[in-house]
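Here's the letter readout for the chains.
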Amino acid sequence: MLRIIETRDYNDMSRKAANIISAQIILKNDSVIGLATGSTPLGIYATLIHWCKKGDLDFSKVKTVNLDEYCGLPKEHAQSYYYFMQENLFKHINIDPGNTYIPNGMNLNRKEECEKYHKMIEQTGGIDLQLLGIGNNGHIGFNEPDDQFANYTHCVELTQSTIEANSRFFDSKEMVPKQAYTMGIGEIMSAKQILIVASGKGKAKVIKEMIEGPVSPKLPASILKFHHNVTLIADQEALSLLDQEYLK
Ligand code: GLP
């Protein structure tokens, strides 16, 4: 079941999403939380940091598994997702670094890295809550539009549109890695609860297609409609093209 929560703006979206993640951790202090990168979750992370610093939220037993990582970027590279997570969340909260998992982009043995990550997810006992953003082309994690859904963690060739969208974080388009490790759709769909966030006019078209269109690997996020517990939290701009029927 997919429920849609419309928020006034980005801050409202961030607070509501942070509230749901926070409730999950309060109810189960050793929750396994799937985390996402990108600009959209930044406000959520800032809110969680604030609540943790106030003493309202305790990450000491929480485990996190990240969706994806660029291939070939070392951990200390400012655009690696490892670095992103340290800077924007982990170093500010009381999480045990040994409980945070991100694919190792520097492992060139793809098969080994993918199998290792898949096993690690299984060994956590399963993801309690998976946070997702959405790419302009409908990707979740780095599951790009394709002819089929990939089940497990795999290495993907990034599409031109993703390379262009993400080039804003790099000095030039040429600097954007061409490949990435990503959790597969099967692993994402195995999460007990999914929270997908979207903000701004730039996401309005893909959100409309995701909700109103068919379930298809051509728009990977559309599969979420088959999940039993998924919540889309999006601001008015991101929902501005959606048929109002869906918001009743
Ligand atoms: C990136 C990440 C995704 C993220 C998406 C949207 O490529 N791999 O996990 O959801 O792009 O990013 P943003 O939130 O900046 O729009």
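The structure we're discussing is the one just above.
Computed from a prediction, not measured in an experiment: that's the story for all the values here. (Residues numbered from 1 in each chain as written. Predicted model: local features only at pLDDT ≥ 70, side-chain atom pairs only at ≥ 80, totals over all residues. Heavy atoms only, no water.)

We now examine the sheet that holds strand 7 (residues 154–157). Taken in spatial order, the 3 strands make up an open sheet running 4-8-7, and their pairing is antiparallel. Edge positions in the open sheet fall to strand 4 (68–70) and strand 7, since each of these has one partner strand only. Taking each pair of neighbouring strands and ignoring which way they run, the sheet shows an average axis angle of 25 degrees. Where strand 4 lies against strand 8 (residues 179–182), 3 bridges are found, and the strand directions are antiparallel. The partner of Asp 68 across the bridge, within strand 8, is Thr 182. (Pairing = 2+ DSSP bridges. Helix = DSSP H or I, 4+ residues; strand = E, 2+ residues; numbered from the N terminus. Axes fitted to C-alpha atoms, helices over the stretch in contact; angles between N-to-C directions.)

Turning to its location among the elements, Thr 100 is positioned in strand 5 (residues 100–101). By relative accessible area, Thr 100 is classed as buried at 18%. One polar contact links the side chain of Thr 100 to the main-chain carbonyl oxygen of Pro 97, over a distance of 2.8 Å. Beyond its immediate stretch of four places on either side in the chain, Thr 100 contacts Thr 64, Phe 90 and Ile 95. (Buried < 20%, exposed > 50% of the residue type's maximum accessible area, 1.4 Å probe, protein only. Polar contact = N/O pair within 3.5 Å; in protein donor to acceptor, adjacent residues only side chain to side chain. Contact = heavy atoms within 4.5 Å.)

This part covers the side chain of Glu 187. Along the chain, the position of Glu 187 falls in helix 6 (residues 185–189). Of the side chains bearing the opposite charge, Lys 119 lies closest to the buried Glu 187, which forms no salt bridge; the N-O distance is 11 Å. Beyond its immediate sequence surroundings of up to four residues, Glu 187 is in contact with His 118, Ile 121, Asn 151, Tyr 152 and Thr 153. (Lys, Arg positive; Asp, Glu negative; His and termini not counted. Salt bridge = Lys/Arg side-chain N within 4 Å of Asp/Glu carboxyl O.)

Ranked by size, the top nonpolar core spans 33 residues in total, and within it Ile 140, Ile 196, Met 210 and Leu 224 carry the most contacts. Sorting the residues of this core by element identifies helix 4 (110–123), helix 6, strand 9 (193–198), helix 7 (204–212) and strand 10 (230–235) as the ones contributing at least two each. Sequence-distant contacts of Ile 196, defined by excluding residues within four places in its chain, comprise Leu 132, Gly 133, Ile 134, Ile 140, Met 210, Leu 224, Val 230, Thr 231, Leu 232 and Ile 233. By size, the runner-up hydrophobic cluster in this structure holds 28 residues, among which are Ile 44, Tyr 45, Leu 48 and Leu 129. (Core = buried A, V, L, I, M, F, W, Y, C linked by side-chain atoms within 4.5 Å.)

Before going further, it helps to spend a moment on the sheet that holds strand 10. One open sheet accounts for 7 strands, arranged 1-10-9-6-2-3-5; its pairing is parallel. Unpaired on one side and paired on the other, strand 1 (2–7) and strand 5 mark the two borders of the sheet. Inspection of the sheet shows strand 3 (residues 63–66) paired to strand 5 by 2 bridges, in the parallel sense. When the sheet's bridge partners are listed, Val 65 is paired in strand 5 with Tyr 101.

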